[in-house]
Amino acid sequence: MRLIFLSWSVALNLLTTSARNVSYEAGEPKRVWAEEGGRAVLPCYLNPQKLESSLGELYKRLSIRWEWRGRSSTQVHHMVLQVAASGLKTRARSMMPRASVQDKDFLHGDFSLQIKPATREDVGRYSARVKYGSKAHHCELKLDVVSVSANPPGPLLESESVKLTCSSTLPEKPIKIQWFSANHLVKTSGRFWPAGQSLFISRSISSDSGPWVCELTYAGGERVSVTHHLQVLGFAGPTWPVVYAATGTNIYLPCILNFNPLDYDNSKVAVRWSHVAGDDLKAKSNQHQGTNKNLALYLPAVGPDSAGQYFCAVSINGTTISKNVTLVIMTVIPSIEGPVLEGSHLVLTCNLSHAPGKVHFQWKWLGPEPSNSSKAAFKSSEHLTTGWIREFSKVSPEDSGIWECSIHSAEGRLGSVQYHLEIAGAQVASPAQNMMPEEITYGLISFLFALVVSVAVLILLWHRTRSLNIPALDRLVAAAHLRKEFKDAAQKEKVLQTEP
């Protein structure tokens, strides 16, 4: 659509300005169109044949006089601009400093009059008399002005309505009026309502900003166009932006105006951010921009509580426009908390605080530490997988390092989050881990029995060793034992003697 519009505009400009390339001799004046507020060029040239034959005489006493006499040929002539043979230029008071001719073009046979900015009061018949040497040249033209007015005239705010009216200085009405836009197909439906020479645009949006072309067609096929540059103050970027951020990162939530309101008048601009799940938040503009267009909200070290819907409300001279921004927090949830042993089964889940739309996930290994080394780049291609989970059947030391989960859509990469995988060491099974409970009980009893036997043996050996080291004590013990035996024997014999 934009290409068609540009091609059409170029062709139309060539059509409406083709008179500039024509040499005008005596006869019916030719009409020249100009946009109100733009540049009007009233062409006056020597044709190539006359220029070639008169080139030597252009150096001799060249003088130019442009006159204006309104719409009627009977009106009084008024001098617009005059160039004397000495080079002195004189202008009418009403044309200072709007009227001009280009001295450098004289030797090329170009004596065109330029008026900028053109007004409706400039409409009428213009004639030029050029004298050089013994020759003279005349040009006769008619100037008409076409314009577009907007109501209200100034820049609009989104959702406001506007009426564009196209008109010309010709007394007769056009037989056809068409409206064109670079961004929209204008037809009688939706927000666009052509009526007569006007176009109503209801509930304006920021994409309405840009050139709007009105084309007037008159009887006989004459067509003229005029362009109005409409400015609708609103937000730049997507209508419903979504920001993806990793837990712990610092971010800016976008709230950028498509125009700086202070460029037009002394507008009072105020911004207020609010979070659906919390209280009003204080806005902080992005200091890197340094303009009143960027009203982004700075959020340091975002976390799960930061996720949700945010509203940026901008008030300009008492009128408020708002924008909705969604913040999605990305985190990696591991199936194992704490150190991960070599050989463990591990699952990493890429978690989003809000359900995504049409997106896809990608896992990539970035290396032992984030770097751009060739080794990391080589290994990352081997570890590139898709899906919202990354599963390791048995983790190995080669898996340690930075793992990145990124989210993508048709528009490109949306955001990413990283997880540092650390391998604590080899996972080796102990004998107790391979035993049944009964086996463990039997083994414990056997161990305690062996311990008791060992202690008894050690005590016996200790006593034996101690007796070997004290022989005198042993002899005393043996003598006491022998005396006890003799005493017992004597006692037994005495008892036998007393018996009858």
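To be clear, the structure that these remarks concern was listed above.
From a predicted model like this one, the values you see are computed outputs, not experimental measurements.

Colleague: I'd like to hear about the sheet that holds strand β2 (residues 40-42), residue by residue, with values.
Modeller: Taken in spatial order, the three strands of this open sheet run β2-β7-β6, and their pairing is antiparallel. Lying at the two open borders of the sheet, with one neighbouring strand each, are β2 and β6 (99-100). Two elements, β6 and strand β7 (residues 113-115), share two bridges in a ladder whose sense is antiparallel. Each residue of the ladder has a partner; that of S100, found in β7, is Q114.

Colleague: Can you explain the sheet that holds strand β16 (residues 223-230)? Please cite residues and give values.
Modeller: Taken in spatial order, the three strands make up an open sheet running β12-β15-β16, and their pairing is antiparallel. Only two strands of the sheet have a single partner each, and these edge strands are β12 (176-181) and β16. The mean angle between the axes of side-by-side strands here comes to 20 degrees, regardless of whether they run parallel or antiparallel.

Colleague: Any details on the environment of I329? Residues and values, ideally.
Modeller: One can find I329 in strand β24 (residues 319-334). According to the relative accessible area criterion, I329 is buried, its value standing at 2%. Measuring from C-alpha to C-alpha, the distance between I329 and S416 comes to 9.8 Å, with 87 residues separating the pair along the chain. Once residues within four sequence positions are removed from consideration, I329 is found in contact with A245, T247, V302, G303, P304, A307, N351, L352 and S353.

Colleague: Describe the pattern of salt bridges, listing the residues and the values that go with them.
Modeller: Enumeration according to the criterion identifies 13 salt bridges in this entry. As a salt-bridge pair, R31 and E222 come within 2.8 Å of each other at their nearest N and O atoms. Here E222 lies in the loop between β15 (210-217) and β16 and R31 lies in strand β1 (residues 30-35), a separation of 191 residues in the sequence. Residue class for R31 comes out partly exposed when judged on its relative accessible area of 25%.

Colleague: An account of the state of the cysteines is needed here, citing residue identities and associated values.
Modeller: Taken as a whole, this structure holds four disulfides when the rule is applied. For C44, the disulfide goes to C139, at an S-S distance of 2.0 Å. Taking the torsion about the S-S bond as the criterion, the C44 to C139 disulfide, at about 80 degrees, is right-handed. Within this pair, whereas C44 is found in the loop between β2 and α2 (48-54), its partner C139 is found in strand β9 (residues 135-151), the two being separated by 95 residues in sequence.

Colleague: Summarise the pairing of strand β3 (residues 63-68); cite the residues concerned and give the values.
Modeller: In this sheet, strand β8 (residues 124-132) lies alongside β3 in antiparallel orientation, the contact comprising six bridges. By the bridge assignment, R65 is partnered in β8 with R129. Of the pairings in the sheet, the one linking β3 to strand β4 (residues 78-83) comprises five bridges and is antiparallel in character. Its bridge partner lying in β4, I64 is registered against V83.

Reading guide: rules and limits
- Residues numbered from 1 in each chain as written.
- Predicted model: local features only at pLDDT ≥ 70, side-chain atom pairs only at ≥ 80, totals over all residues.
- Heavy atoms only, no water.
- Pairing = 2+ DSSP bridges.
- Helix = DSSP H or I, 4+ residues; strand = E, 2+ residues; numbered from the N terminus.
- Axes fitted to C-alpha atoms, helices over the stretch in contact; angles between N-to-C directions.
- Buried < 20%, exposed > 50% of the residue type's maximum accessible area, 1.4 Å probe, protein only.
- Contact = heavy atoms within 4.5 Å.
- Salt bridge = Lys/Arg side-chain N within 4 Å of Asp/Glu carboxyl O.
- Disulfide = S-S within 2.5 Å.

In short, geometric facts, not functional conclusions.
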